[in-house]
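The residues making up each chain are set out below.
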Amino acid sequence: PHWLNADQINRLAAVMSQVAAKLGNLFTRFFGRKFEVSPTAVSQHYANDLPRLVEANRVHCISFGPEERVACGFLVIASQTTADWATLLLGDTESAGGADRPLSSLEESLLSDLVAGVLDTFLASLRPHETLKSSGRLSKGQPAIHFELTEEICRIVFQVKEADKDNPSDIAFLLSCSRLAALVGKTPAPAFRTTPQESSKILMEHLQQMPVTVTARLATATVGF
């Protein structure tokens, strides 16, 4: 899809660079050591491409959307990354166990605070055009968001790593492109609506342009119905 043009993608990338700087400060504060965050990708997809973009059995996600309305996007973090961060938040340097290891209540609490801060920092960049909030909690697998299969969605990826170390992790935000319209200066196309009378007129004009045999068959089928 090309819902966002090149200029609009550049505008979005500029905003995400500012978000990355704030996220770097957030991770540094939580972990007590210098972290660097940089935006690495902004891409557009149709919603039916989600199974390829998100490995549901290997990620943790948290959804977001307008208050008291259905979610319109979600944050994705690899399950291994959540386990590593939980360990690091306790001050340990080596992760104890794999991606599926159970977290202690303290680890879950610390991790939830960090992820909430990450999500709030991203969503703040969409205001005042869009007021979105977390609509769930961090959990294993892709959240059940009902995108239309042909709906355009945007995937924004950030790389997170500790300074002077080669251990990068990715976090990604996926949301409906329409939620970015005001932010990038795109005017949404007005909804095309017709009255019943206009619809009838359009239909009759199409019928008049059809071959006689097809029109006759259509009329016969209509009468039979």
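Just so it is clear, the structure is predicted and the values come from calculations on it, not from any experiment.

1. As for the pattern of salt bridges
Next, step 1: Counted by the stated rule, this structure contains eight salt bridges.
Next, step 2: Note that Arg33 is salt-bridged to Glu162, the shortest N-O span being 3.6 Å. With Arg33 in the loop between α1 (6-31) and β1 (35-46) and Glu162 in strand β6 (residues 152-162), this residue pair connects regions lying 129 residues apart in the sequence.
Next, step 3: Judged by relative accessible area, Arg33 falls into the partly exposed class, the value being 23%.
Next, step 4: A salt bridge links Lys133 to Glu67; its shortest N-O distance comes to 3.5 Å.

2. Side note on helix α3 (residues 79-89)
Next, step 1: When you tally the buried positions in α3, you get nine out of 11 residues, the bulk of the element.
Next, step 2: The complete set of buried residues in α3 reads Ser79, Thr81, Thr82, Ala83, Trp85, Ala86, Thr87, Leu88 and Leu89.
Next, step 3: One or two positions beyond α3, positive phi appears at Gly91, with a value near 95°.

3. As for the packing of α3 against helix α4 (residues 105-124)
Next, step 1: The N-to-C vectors of α3 and α4 enclose an angle of 105°; their axes lie 9 Å apart at closest approach. Relative to α4, the element α3 lies roughly perpendicular. Of α4, the residues touching α3 (which contributes Thr82, Trp85, Ala86, Thr87 and Leu89) are Glu107, Leu110, Leu111 and Leu114.
Next, step 2: Classifying every residue of the contact of α3 with α4 by side-chain character gives six nonpolar, two polar and one charged.

4. Describing the packing of aromatic side chains
Next, step 1: One pass over the full model with this rule turns up seven aromatic pairs.
Next, step 2: With centroids separated by 5.1 Å and ring planes inclined at 65°, the aromatic side chains of Phe27 and Trp85 adopt a geometry described as edge-to-face. Placement of the pair is Phe27 in helix α1 and Trp85 in helix α3, with a sequence separation of 58 residues.
Next, step 3: By relative accessible area, which is 5% here, Trp85 ends up buried.
Next, step 4: Summarising the aromatic geometry, the rings of Phe158 and Phe173 are spaced 6.0 Å apart at their centres and angled 90° between planes, so their arrangement reads as edge-to-face. With Phe158 in strand β6 and Phe173 in strand β7 (residues 169-176), the pair connects residues that are 15 residues apart, well separated along the chain.

5. Here we look at unusual backbone geometry
Next, step 1: Between Arg127 and the following residue, Pro128, the backbone shows a cis peptide bond with an omega angle of 5°.
Next, step 2: With respect to the helices, strands and loops of the structure, Pro128 is situated in the loop between α4 and β4 (132-134).
Next, step 3: One non-glycine residue with positive phi stands out, namely Asp164, at about 65°.
Next, step 4: Structurally, Asp164 can be placed in the loop between β6 and β7.

6. Topic: the side chain of Ser176
Next, step 1: As for its placement among the helices and strands, Ser176 is situated in strand β7.
Next, step 2: Among residues more than four places away in sequence, those in contact with Ser176 are Cys72, Phe147, Glu151, Glu152 and Ile153.

7. A word on the confidence of the model for the protein chain
Next, step 1: Mean pLDDT for the protein chain: 87, with 84% of residues reaching 70 or above.
Next, step 2: Counted against residues more than four places away or in other chains, residues 221-225, with its pLDDT under 50, gives zero contacts.

8. A few points about the environment of Asp7
Next, step 1: For Asp7, the position within the fold is in helix α1.
Next, step 2: Through-space distance from the C-alpha of Asp7 to that of Gly185 is 9.6 Å; in sequence the pair is 178 residues apart.

Calculation rules
Residues numbered from 1 in each chain as written. Predicted model: local features only at pLDDT ≥ 70, side-chain atom pairs only at ≥ 80, totals over all residues. Heavy atoms only, no water. Salt bridge = Lys/Arg side-chain N within 4 Å of Asp/Glu carboxyl O. Helix = DSSP H or I, 4+ residues; strand = E, 2+ residues; numbered from the N terminus. Buried < 20%, exposed > 50% of the residue type's maximum accessible area, 1.4 Å probe, protein only. Axes fitted to C-alpha atoms, helices over the stretch in contact; angles between N-to-C directions. Parallel < 35°, antiparallel > 145°, perpendicular 65-115°, else oblique. Contact = heavy atoms within 4.5 Å. Nonpolar A, V, L, I, M, F, W, Y, C, P; charged D, E, K, R; others polar. Phe/Tyr/Trp six-rings, centres within 6.5 Å; stacked < 30°, edge-to-face > 60°. pLDDT = per-residue confidence, 0-100.

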